[in-house]
Number of protein chains: 2
Amino acid sequence: MFSQSEENYLKAIYHLSLISNKGISTNSIAERLETKASSVTDMIKKLSEKEVVVYKKYKGVKLTDLGTKIAANIVRKHRLWEVFLVDKLNFSWDEVHDVAEQLEHIKSEKLVDQIDAFLGFPTHDPHGDPIPNKEGDLKIVEKSLLSTLSKNEKGICIGVDDSSSEFLQFLDKKGITLGKQITVLEKEEFDDSLSIIINDKKMSISNKIANNLYIKKS
Amino acid sequence: MFSQSEENYLKAIYHLSLISNKGISTNSIAERLETKASSVTDMIKKLSEKEVVVYKKYKGVKLTDLGTKIAANIVRKHRLWEVFLVDKLNFSWDEVHDVAEQLEHIKSEKLVDQIDAFLGFPTHDPHGDPIPNKEGDLKIVEKSLLSTLSKNEKGICIGVDDSSSEFLQFLDKKGITLGKQITVLEKEEFDDSLSIIINDKKMSISNKIANNLYIKKS
DNA sequence: AAATATTTTTAGGTTAGACTAAAAATATTA
DNA sequence: TAATATTTTTAGTCTAACCTAAAAATATTT
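> Would you mind going over the overall build of chain A with me for this structure?
Looking only at helices and strands, one finds eight helices and eight strands in chain A. Here the C-alpha radius of gyration of chain A, 19 Å, is about what a compact globule of 218 residues would show, namely 17 Å. With the C-alpha coordinates aligned to their principal axes, the bounding extent of chain A is approximately 55 × 40 × 25 Å. Expressed as a percentage of the 218 residues in chain A, the buried residues total 44%. A separation threshold of at least 6 residues defines the contact pool for chain A, and within that pool the share at least 24 residues apart is 62%. Looking at chain A, you have 32 positive and 34 negative side-chain charges, and the mean spots of the two groups are 3 Å apart.

Here is the structure:
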């Protein structure tokens, strides 16, 4: 059995592994968890004892197969709870993260299975992130940052990179939600801002925004 | 903010207070929480600092108004989650306790309010226990242990004292569920067992069972 | 390659929440 | 009421999870 703290470390390493697939550095884990590198070293040793990570001093950590499965299951629970909050309890997509952060640590396999069924076996959470299945697998969808699209390319908005409530509320205000079609009209060389069409309306999008919106090209 | 551990102590004192309304003894708290009296003394001092209990050495503790409100809110959450598990997720009444024990510590007022609404503002949990309202009040229903009924008295089964899964599964097996009418046909002096009618069937009930079933006389 | 900078680990300390064993207070019984 | 029993508190440890500061390893510059 793993403590909440151990679970949070596993989850952090899991997320970092999706980007780099090299040994995950102590510092990157510390940064993600808003803690100190020395604390990370302590915890990594413990996780290594429990055989959920492989650890070589100064070389970073990798999740074992067991560790990956456990981490994916926590992510699964997090995302299922997010769907529950939005679909059943009228939460908006910018309100769910902190609560899901707590709910993901509830230990009951039956609970997860039943929530999954209750929600109709959703495949994605409210931010467009895929929900791992019981085995911990998730299907990767081809996605591109809006900022990488060229003039006249179009696609469907399928996710966000930054899921802070500030960003999500901003998107709400602009009418940008998952599933909407976006067409790039123009790219400004000067500030990398974009002119796009969404909801049949033309609007200007800063590079910062375009760098945090995932598009499925079409 | 209170830790899970602090919340568990408050809840234990709350439950014990419903029976005795005197100062709650260190030992009774220790027994309920399956911990040692010395640990209880430590925690009581901390809770006393936080002004949720009043503590006099060797004289036991009492909840303050604030403490009572906080404790009632935890009980409220516990019971709402139990209803959720049974009504929405197909848990049976003997499976809900351990999960609710975890869920009751989730911190989100919106979550509780929404669950409450989602369930249609239930007044009782699956074991017949009343759900405190947001202010922490609960309406007490006149109830009697089945063992206190006399020959020929009848009533509706409205709750259980022991909610262990063993007992609840036993009741299921016997067809005894909340809302059923029970009529006492006979009381055996010898072993205090009862002969009753439930579901139009006659059956014999040991004193141990009758001592754990609440009836609303009718 | 040597010097410097950065990252990581170690060593030692803190706090919450538990524990054991012994001392102190209270309660019970003779 | 004195003796005994029980309950409660105190004193001192332990572990998980964090911390700071310094040492050691690795990476980057010059």
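> Please explain helix α1 (residues 4-20) of chain B as it appears in this structure.
Two residues of an α-helix separated by three or four positions point the same way, owing to the 3.6 residues in each turn. Residues and elements named next belong to chain B. Taking 1.5 Å of rise per residue, 17 residues should cover 24 Å, and α1 covers 25 Å from first to last C-alpha, within 8% of that figure. Taken together, the buried positions of α1 are occupied by E6, E7, Y9, L10, K11, A12, I13, Y14, H15 and L16. Considering only its buried residues, α1 is in contact with α2 (26-32), α3 (37-49), β1 (53-55), β2 (61-63), α4 (65-89) and α5 (97-103). A positive phi of about 50° marks N21, the residue just after α1.

> Please clarify how the sheet that holds strand β7 (residues 201-205) of chain B should be interpreted in this entry.
Neighbouring strands of a sheet are bound in pairs by backbone hydrogen bonds; such pairs are parallel or else antiparallel. All names here are of chain B. One open sheet accounts for six strands, arranged β3-β8-β4-β5-β6-β7; its pairing is antiparallel. Each having just a single partner strand, β3 (144-145) and β7 make up the two edges of the open sheet. Pairing of strand β4 (residues 154-160) with strand β8 (residues 213-217) involves five bridges; the strand directions are antiparallel. The partner of V160 across the bridge, within β8, is L213.

> I tried to follow the domain arrangement of chain A on my own but got confused; where do I start?
A common measure of how large an interface is: the accessible area buried when the components associate. Parsing chain A into structural domains produces domain 1 (4-63) and domain 2 (144-217). Computed over C-alpha atoms only, the centres of domain 1 of chain A and domain 2 of chain A are separated by 33 Å.

> What exactly am I supposed to notice about the interface of chain B and chain A here?
In this complex, chain B contributes 21 residues to the contact, which on the side of chain A involves 21 residues. Both faces considered, chain B and chain A share a buried interface measuring about 1700 Å² in area, 69% of it formed by carbon and sulfur atoms. When the buried surface of chain B facing chain A is broken down by residue, B:L89, B:Q102 and B:K110 rank first, second and third, together holding 28% of it. Our count for the chain B to chain A interface comes out at two salt bridges. Taking the shortest distance from any N to any O, the salt bridge between B:K110 and A:E95 comes out at 3.0 Å. Contributions of two or more residues to the side of chain B that touches chain A are made by α4, α5 and α6 (109-118) of chain B. Its residues placed into classes, the side of chain B that touches chain A shows eleven nonpolar, six polar and four charged.

> Hey, could you run me through the relation of the copies chain B and chain A in this one?
Mapping between the two chain copies consists of a rotation about an axis together with a translation along that axis. Expressed as a screw operation, the relation of chain B to chain A combines 0.0 Å of axial shift with a rotation of 180°, fitting to an RMSD of 0.1 Å. Seen this way, the second copy is the image of the first under a two-fold rotation axis. Within chain B, the C-alpha atom positioned nearest to the axis of rotation is that of B:L103, 3.8 Å from it. Both copies share a contact surface, since 100% of the interface residues of chain B are interface residues in chain A too.

> Before we go on, may I ask you to explain the protein's contact with DNA strand C in this structure?
Neighbouring residues of DNA strand C: 20 residues in total, closest A:K45, A:Y55, A:K57, B:T35 and B:K46. Near the protein, meaning within 4 Å, the atoms of DNA strand C are sugar or phosphate in a fraction of 79%, with bases accounting for the rest. Residue B:S5 places a side-chain N or O atom 3.2 Å away from a phosphate oxygen belonging to DNA strand C. One of the backbone N or O atoms of B:K36 is found 3.2 Å from a phosphate oxygen in DNA strand C. Breaking the surface near DNA strand C down by element, the ones donating at least two residues are α2 (26-32) and α3 (37-49) of chain A together with α1 and α3 of chain B.

> Would you mind showing me how to read the packing of helix α4 (residues 65-89) of chain A against α6(B) here?
Two elements in contact, α4(A) and α6(B), have axes whose closest approach is 11 Å; the angle formed by their N-to-C orientations is 55°. Here α4(A) lies oblique to α6(B), going by the angle between them. Seen along the crossing, α4(A) lies across α6(B) with a hand that is left-handed. Contacts between α4(A) and α6(B) involve A:F84, A:L85, A:K88 and A:L89 from the former and B:L111, B:Q114, B:I115 and B:F118 from the latter. Residues belonging to the contact of α4(A) with α6(B) are distributed by class as follows: six nonpolar, one polar and one charged.

> What exactly am I supposed to notice about the environment of B:D125 here?
All names here are of chain B. Within the secondary structure, D125 sits in the loop between α6 and β3. Note: C-alpha distance between D125 and K62 (63 residues apart in sequence) is 26 Å. Residues within four places of D125 in sequence aside, it is in contact with R79, E82, V83 and I131. Here H127 takes part through its backbone nitrogen, which lies 2.7 Å from a polar atom of the side chain of D125.

> Before we go on, may I ask you to explain the sheet that holds strand β8 (residues 213-217) of chain A in this structure?
Residues and elements named next belong to chain A. The strand order β3-β8-β4-β5-β6-β7 describes an open sheet built from six strands, whose pairing is antiparallel. Looking at the sheet topology across the chains shown, the edges are occupied by β3 (144-145) and β7 (201-205). Looking at chain direction, strand β4 (residues 154-160) and strand β5 (residues 181-187) are connected through three bridges and run antiparallel. Looking at β5, one finds that I156 is bridged to Q181. In the packing of helix α7 (residues 165-174) onto the sheet, contacts are made with β4, β7 and β8, and the angle to β4 comes to roughly 145°.

Conventions we followed
Residues numbered from 1 in each chain as written. Chains lettered and ligands numbered in written order. Predicted model: local features only at pLDDT ≥ 70, side-chain atom pairs only at ≥ 80, totals over all residues. Heavy atoms only, no water. Helix = DSSP H or I, 4+ residues; strand = E, 2+ residues; numbered from the N terminus. Rg over C-alpha atoms; globule rule 2.2 N^0.38 Å. Buried < 20%, exposed > 50% of the residue type's maximum accessible area, 1.4 Å probe, protein only. Contact = heavy atoms within 4.5 Å. Lys, Arg positive; Asp, Glu negative; His and termini not counted. Charge placed at Lys NZ, Arg CZ, Asp CG, Glu CD. Expected span 1.5 Å × (residues − 1). Pairing = 2+ DSSP bridges. Domains from an automatic or database assignment. Buried area = accessible area lost by both parts, 1.4 Å probe. Salt bridge = Lys/Arg side-chain N within 4 Å of Asp/Glu carboxyl O. Nonpolar A, V, L, I, M, F, W, Y, C, P; charged D, E, K, R; others polar. Least-squares fit on C-alpha atoms with pLDDT ≥ 70 in both. Near = heavy atom within 4 Å. Polar contact = N/O pair within 3.5 Å; in protein donor to acceptor, adjacent residues only side chain to side chain. Axes fitted to C-alpha atoms, helices over the stretch in contact; angles between N-to-C directions. Parallel < 35°, antiparallel > 145°, perpendicular 65-115°, else oblique. Left-handed = near helix turned anticlockwise from the far one by under 90°.

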